[in-house]
Amino acid sequence: MIALLIQGVQVVAIAALALLLLPLYWIARLVWYRPPNVPHLTQVARYLKLAWTVQPIDPGLSVQARIWLTLSILRKLLLTPINGLAWLLDELLYGRELNRTKIVAPLFVISGGRSGSTQMTRYIEDDPTVTAPNLLQSMFPYLWLWRLAPHTLGRLITPDKVRQLATSMMPPECLERHEFDPFKADTFDGALFAGHLNTLSLYLGPDVAAQEFSFAAFARQDHGRVERDCMTFIDRIGRKQLLFIRHTPAETQRRFFIKGHFLCAAAALERQYPDATFLTVIRDPAKRLQSGINYMRVNPSDAAMGPPPWRWLSQWLLVTERDYCHIEQFWYSQKRGARRHVVRFSDFVSDLQGTMMSVYQNCLDQYRLPPHVPRTHPPRERTQYTVNYSLAELGIDIQAFRAQLADYVAWCQPQLPPRTSSRKIAEVPPSRQPNAKEARS
């Protein structure tokens, strides 16, 4: 109840500020365009209706949870003038420069969750021929802020302090599964969906989540609008990143590079950037599914709602991951259009040097492996996860799931000869039995 009162007071305070800024926001929209980092009114109306009408499976939604979700939705809506003006301030200050900045031959790493694509990104992002916004830049996509921060907050707090603060906000179980660094490139989807409401669908039950929050396809009701937002967001942040580094002394032209799971945007990206290269890492879908469910359970969650129930996460990802695999295989198997390259997780594990050589040749047009790319995977300290349920423990029929994706499973089979000298990435450890409290959730 206290949390509801605090949330209510915050919503009222934000509403007062929003009312003051709303006229300026609408004028800015008329001068430039609708910012891509704010929710659509149709989406807000739909989520408000769902918050009071949806009847998800056990454990269901309490009245208190529905009130909290309603306040969360209204909070997102009321932040529109603030977030929108923050975005459009870049157009006022740098609009002409951004329009003159061209994105040439970008690299998009679009891969399923828990596939090893983050590790792949870590090996690529230090290359001097590419540039990617780091996690902080992605979550705060404002060029004026990137340039202002080093001369203000940057004088008071060091990058190491920022890392410590950001890490302290992450659940320890999440850090076991994800190498987190706010100054490194990371999954871009968080930035794409931060201004919209899709992540709240995880608290409306697995059926709503499967329709509203899939990396394979945009929600049917919002497809056109959100696709346009997505393309505007990616294009503008790409130009901002290129313009930002261009002001660094001795900086040369680089290729824009981002990584995420946003397969829903791949076709539109290909249309907008026909010279782009697309890269994916494919992994056995059952192992990805197990890792994905456990990861989403320990991922940072709403402070009042807590993590979504295991059953909801399992049913949501069972549907969306199956769809993702089908669409990913179809899209990356096409022979026409933009350049595509597929890396198999098994090859990535057994032969890092050969895998990275193929990536550099096929994606970056380089025929020598740069010295910054390791030839073997560095040892990983973590050997066992605190939370790691098997698919059987989560009530998922592994054989049926793999049978539905038989073609994808075959597609994931190794293509490179194994190299015994390469160090393997740590395998997923055996799962433990859930305790009674966790099993009930």
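Now for a quick tour of the structure. (Residues numbered from 1 in each chain as written. Predicted model: local features only at pLDDT ≥ 70, side-chain atom pairs only at ≥ 80, totals over all residues. Heavy atoms only, no water.)

### A few points about the packing of helix H5 (residues 117-124) against helix H17 (residues 352-363)
Move 1: Across the interface, H5 lies against H17 with an axial gap of 12 Å and an inter-helix angle of 70 degrees. Comparing their axes, H17 and H5 come out roughly perpendicular. In the packing of H5 onto H17, the handedness of the crossing is right-handed. From H5, Met120, Tyr123 and Ile124 reach across to H17, where they touch Leu352, Thr355, Met356, Val359 and Tyr360.
Move 2: Residues belonging to the contact of H5 with H17 are distributed by class as follows: seven nonpolar, one polar and no charged. (Axes fitted to C-alpha atoms, helices over the stretch in contact; angles between N-to-C directions. Helix = DSSP H or I, 4+ residues; strand = E, 2+ residues; numbered from the N terminus. Parallel < 35°, antiparallel > 145°, perpendicular 65-115°, else oblique. Left-handed = near helix turned anticlockwise from the far one by under 90°. Contact = heavy atoms within 4.5 Å. Nonpolar A, V, L, I, M, F, W, Y, C, P; charged D, E, K, R; others polar.)

### As for the side chain of Ser291
Move 1: Mapped onto the secondary structure, Ser291 falls in helix H14 (residues 285-298).
Move 2: Apart from residues lying up to four places away in sequence, Ser291 is in contact with Arg114, Arg177 and Arg283.

### Topic: the pattern of salt bridges
Move 1: Inspection of every chain in the model, using the stated rule, returns 17 salt bridges.
Move 2: Asp235 serves as the salt-bridge partner of Arg239, at 2.8 Å between the closest nitrogen and oxygen. Remark: Asp235 and Arg239 occur in helix H12 (residues 223-246); sequence separation between them is four residues, near one turn of the helix. For the pair shown, Arg239 and Asp235 are each scored as buried.
Move 3: The shortest N-O distance in the salt bridge between Glu321 and Arg288 comes to 2.6 Å. One end of the pair, Glu321, is in helix H15 (residues 310-332); the other, Arg288, is in helix H14, and 33 residues separate them in sequence. Arg288 matches Glu321 in its accessibility class, with the two residues each being buried. (Salt bridge = Lys/Arg side-chain N within 4 Å of Asp/Glu carboxyl O. Buried < 20%, exposed > 50% of the residue type's maximum accessible area, 1.4 Å probe, protein only.)

### Topic: the side chain of Ser138
Move 1: Topologically, Ser138 is positioned in helix H6 (residues 135-139).
Move 2: In this structure Ser138 touches Pro133, Phe188, Ala191, Phe233 and Ile237, once residues within four positions along its chain are discounted.

### Observations concerning the pairing of strand E4 (residues 277-282)
Move 1: Taken across its six residues, E4 has six buried, putting it largely inside the fold.
Move 2: The alternating pattern of E4 places Thr277, Leu279 and Val281 and Phe278, Thr280 and Ile282 on opposite faces, both of which are buried.
Move 3: Across three bridges, strand E1 (residues 107-110) lies against E4 in parallel orientation. When the bridges of E4 are listed, Val109 appears paired with Leu279.
Move 4: The pairing of E4 with strand E5 (residues 339-344) spans six bridges and is classified as parallel. (Pairing = 2+ DSSP bridges.)

### Some words on the packing of aromatic side chains
Move 1: By the definition in use, this model includes 17 aromatic pairs.
Move 2: Measuring from ring centre to ring centre gives 6.1 Å for Tyr123 and Phe348, while their planes differ by 70 degrees; the resulting arrangement is edge-to-face. Of this pair, Tyr123 sits in helix H5 while Phe348 sits in helix H16 (residues 345-350), and the two are 225 residues apart along the sequence.
Move 3: Ring centres of Phe193 and Phe213 lie 5.3 Å apart, and the angle between their planes is 75 degrees; this geometry places the pair in the edge-to-face category. Residue Phe193 is located in helix H10 (residues 189-194), and its partner Phe213 is located in the loop between helix H11 (206-212) and H12; the two are separated by 20 residues in the primary sequence. This pair shows no difference in class: Phe193 is buried, exactly as Phe213 is.
Move 4: In textbook terms, an aromatic cluster arises when at least three aromatic residues are bridged by ring pairs, as seen for Phe108, Tyr273, Phe278, Trp331 and Tyr332.
Move 5: Sitting over the face of the ring of Tyr385, Arg177 holds its NZ or CZ atom 4.0 Å from the ring centroid.
Move 6: Above the plane of the ring of Trp331 lies Arg340, whose end atom (NZ or CZ) is 3.9 Å from the centre. (Phe/Tyr/Trp six-rings, centres within 6.5 Å; stacked < 30°, edge-to-face > 60°. Lys NZ or Arg CZ within 6 Å of the ring centre and 35° of its normal.)

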